[in-house]
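Structural features, examined
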Amino acid sequence: MSAMLVMLLLASGCKDVSKENVNLFFAASVSAKERAMAFRTITPLLTAKKLDEVPDALRWVKLHQDGLNAQAAGLDNLSQALMQRRTLNAVTVRAILDAADTAAARVRGMEIMEGHLTALKLESQEDVRLFLESHRKALMCQAVLLGDIAATLRKAQAKADALAAKEW
Amino acid sequence: MRDAMEEHMVQLPLLDANLLAENMKALGPDILAALQAAAEAFVNDNRQDALAVGDENAKAIMLNVTYVTLPIAPLSADASVKQIADHEAVLVKRDQLLQLISQAQKENNEHQRRLYAAAGKAASSVVIGILGMTLKALLGG
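Residues numbered from 1 in each chain as written. Chains lettered and ligands numbered in written order. Predicted model: local features only at pLDDT ≥ 70, side-chain atom pairs only at ≥ 80, totals over all residues. Heavy atoms only, no water.

**Some details on the overall build of chain B**
The helix and strand tally for chain B stands at five helices and zero strands. Starting at the N terminus, the α and β elements of chain B follow one another as α-α-α-α-α. For chain B, the proportion of contacts with a sequence separation of at least 24, taken over those separated by at least 6, is 64%. With an accessible surface of roughly 7,900 Å², chain B has 60% of that area assigned to carbon and sulfur atoms. (Helix = DSSP H or I, 4+ residues; strand = E, 2+ residues; numbered from the N terminus. Contact = heavy atoms within 4.5 Å. Areas by Shrake-Rupley, 256 points an atom, 1.4 Å probe, with all protein chains shown as cover.)

Take a look at the structure:
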C-alpha cells in the first residue's frame, strides 16, 4: 500500500475543482477553526490539577491541540488557494485524501480518550463531560465532511484516469 | 521494495525528529530513494507552476511524508492513554504535512492568479488599442 502511495505522490499535474467542492472546503475550514478554538477554551479545565498525575494525558491534550491547529491552518490554506484559482496539484490532492483518513483516526482516538478523561473525574466534571461529548461529535462531522471531499476528489480522479485511458 | 517497507514500518519512532532522521538512514536505500523522490516530485510539481519551495520546507515535507507513508495503527477499545497520545502524535505529523503542502498550493494559486490577471490586463489593453484604431479609421482620423 505504501509503495502505491509513493507512486501516487510521484504523479504530477493539476486537477480542477468544482464550485460545489470549493464550498465544502470552506465549510471544512470554518468548522476546523471552530474545533481548534473550542478545544483551546476548554484546556484550562482539562489541565487543572489531577491531569498532572497522568503525563501522557497532558501530552495528549497538547498534541490534540497541535493537530487541530495544523488541520485548521491546512484547510484554511486550501480554502484560500481555491478562492484564487480552482485547481489543485496532484500532491495536494493526495494530502487531502490522507487528511480525511487522519480526521477519521482522530475521532477514534477521541472516543477512547473520552472514557479515560471522564474516569479521571476532573474538576467541573459535568462541564468537561459535556464538552468532550460534543467535541467528539463535532470531530465526527468534520471527518464525514472531509470524507465527502475525498470521495469527490477520488471520483474526479477516476473519471480523469478513465478519460486518459481512452485517449491512449 | 514493498516488503522492505513493511518490514521497517513498525520500527519507526513516533515523536523524536532526530531519532527519526537516524532511523531513516537505517531504512535502506530503496525506501530513502522513494521518499526522496516523493519530496522532489512535490518540489518539481510546484516549480513547474513557478512556485519556489525553500530547502527547509522541502526537508520538512520529506520528513512528514514519512509519517503519511505509514499506515495509521488501529487503536483497540482498551488502548492506554500513552497509546492514544502516541497515536495522536502521528496524526499531528500528518496534519502538519497537509499544512505545508496546502501553504505551497495557496502560494501557487495566488501566483497563477496574478499571472492570469496580468495577462488579462495586457489582452484588454490590446483590445482597447484595436478598438481605438478602428474608431479612428471609421471617423477618418
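**Description of the overall build of chain A**
Secondary structure summary: chain A contains five helices and two strands in total. Across chain A, helices and strands are ordered from the amino to the carboxyl terminus as α-β-α-α-β-α-α. Within chain A, the proportion of its 168 residues that are buried is 46%. Across chain A, every contact between residues at least 6 apart in sequence was considered, and the portion connecting residues at least 24 apart equals 83%. (Buried < 20%, exposed > 50% of the residue type's maximum accessible area, 1.4 Å probe, protein only.)

**Some details on the environment of A:L117**
Residues and elements named next belong to chain A. Summarising the element assignment, L117 is placed in helix α4 (residues 90-119). Classification of L117 as buried rests on a relative accessible area of 1%. Distance in space between the C-alpha atoms of L117 and A57 is 8.0 Å, their sequence separation being 60 residues. Contact partners of L117, with chain neighbours within four places excluded, come to L46, L51, W60, L122 and L132.

**Examining the packing of helix α3 (residues 55-84) of chain A against α4(A)**
Residues and elements named next belong to chain A. Between α3 and α4, the least distance of the axes is 11 Å, while the angle of their chain directions is 150°. Here α3 lies roughly antiparallel to α4, going by the angle between them. As for the relative orientation of α3 and α4, their crossing is left-handed in sense. For the pair α3 and α4, contact is made by A57, W60, H64, G67, L68, Q71 and L78 and by T92, I96, A103, R106, M110, M113 and L117, respectively. For the contact of α3 with α4, the per-class residue count stands at nine nonpolar, four polar and one charged. (Axes fitted to C-alpha atoms, helices over the stretch in contact; angles between N-to-C directions. Parallel < 35°, antiparallel > 145°, perpendicular 65-115°, else oblique. Left-handed = near helix turned anticlockwise from the far one by under 90°. Nonpolar A, V, L, I, M, F, W, Y, C, P; charged D, E, K, R; others polar.)

**Considering the packing of aromatic side chains**
Residue and element names in this part refer to chain A. Enumeration according to the criterion identifies two aromatic pairs over all chains in this entry. An angle of 85° between the planes, with centres 5.9 Å apart, marks the rings of F39 and W60 as edge-to-face. On the criterion of sequence distance, the pair formed by F39 in helix α2 (residues 19-47) and W60 in helix α3 is long-range, its members being 21 residues apart. In terms of burial, F39 and W60 fall into one category: buried. Ring centres of F39 and F131 lie 6.3 Å apart, and the angle between their planes is 40°; this geometry places the pair in the tilted category. With F39 in helix α2 and F131 in helix α5 (residues 125-167), this residue pair connects regions lying 92 residues apart in the sequence. Across the pair, F131 and F39 agree in class, each one buried. Ring-pair connections join several aromatic residues into one group, and the members of that group are F39, W60 and F131. (Phe/Tyr/Trp six-rings, centres within 6.5 Å; stacked < 30°, edge-to-face > 60°.)

**Looking at α4(A)**
Residues and elements named next belong to chain A. The end-to-end C-alpha distance of α4, which contains 30 residues, comes to 44 Å, matching closely the 44 Å that a straight helix rising 1.5 Å per residue would cover. Where α4 bends most, at M113, the angle is about 25°. Here α4 lies mainly inside the structure; 22 of its 30 residues are buried. (Expected span 1.5 Å × (residues − 1). Bend = angle between axes of the 7 residues up to and from the residue.)

**Notes on the packing of α2(A) against α3(A)**
All names here are of chain A. Where α2 meets α3, the closest approach of the two axes is 8 Å, and the angle between their N-to-C directions is 155°. Comparing the axis directions of α2 and α3 gives the class roughly antiparallel. The interaxial crossing formed by α2 with α3 has left-handed handedness.

**Re the confidence of the model for chain A**
Should pLDDT be low for a region, the predicted coordinates there are not to be read in detail. All names here are of chain A. Confidence along chain A averages 86 in pLDDT terms, with 90% of residues attaining 70 or more. Within chain A, α3 carries the highest mean pLDDT (95), whereas helix α1 (residues 2-10) carries the lowest (42). Segment residues 1-12 is flagged for pLDDT under 50; beyond a separation of four residues in sequence, or across chains, it makes 28 contacts in the model. (pLDDT = per-residue confidence, 0-100.)

**So, the pattern of salt bridges**
Where charged atoms of side chains with opposite charge meet at close range, the side chains can pair. All names here are of chain A. All chains considered together, the criterion is met by 14 salt bridges over all chains. Two residues, D56 and R59, come together in a salt bridge whose shortest N-O distance is 3.3 Å. Of this pair, D56 and R59 both sit in helix α3, three residues apart, which is roughly one turn of that helix. Exposure remark for D56: the relative accessible area of 23% places this residue in the partly exposed category. One salt bridge in this structure joins K137 and E133, with 3.1 Å as the shortest N-O distance. (Salt bridge = Lys/Arg side-chain N within 4 Å of Asp/Glu carboxyl O.)

**Some thoughts on the nonpolar core**
Grouped together as the largest cluster of nonpolar side chains are 52 residues, with contacts concentrated most on A:F25, A:F39, A:L46, A:W60, A:L88, A:I96 and A:L117. At the level of secondary structure, the elements contributing two or more residues to this core comprise α2, α3, α4 and α5 of chain A together with α5 (81-139) of chain B. The contacts of A:F25, once residues within four sequence positions are left out, are A:V17, A:L78, A:S79, A:L82, A:L88, A:I96, A:I149 and A:L153. (Core = buried A, V, L, I, M, F, W, Y, C linked by side-chain atoms within 4.5 Å.)

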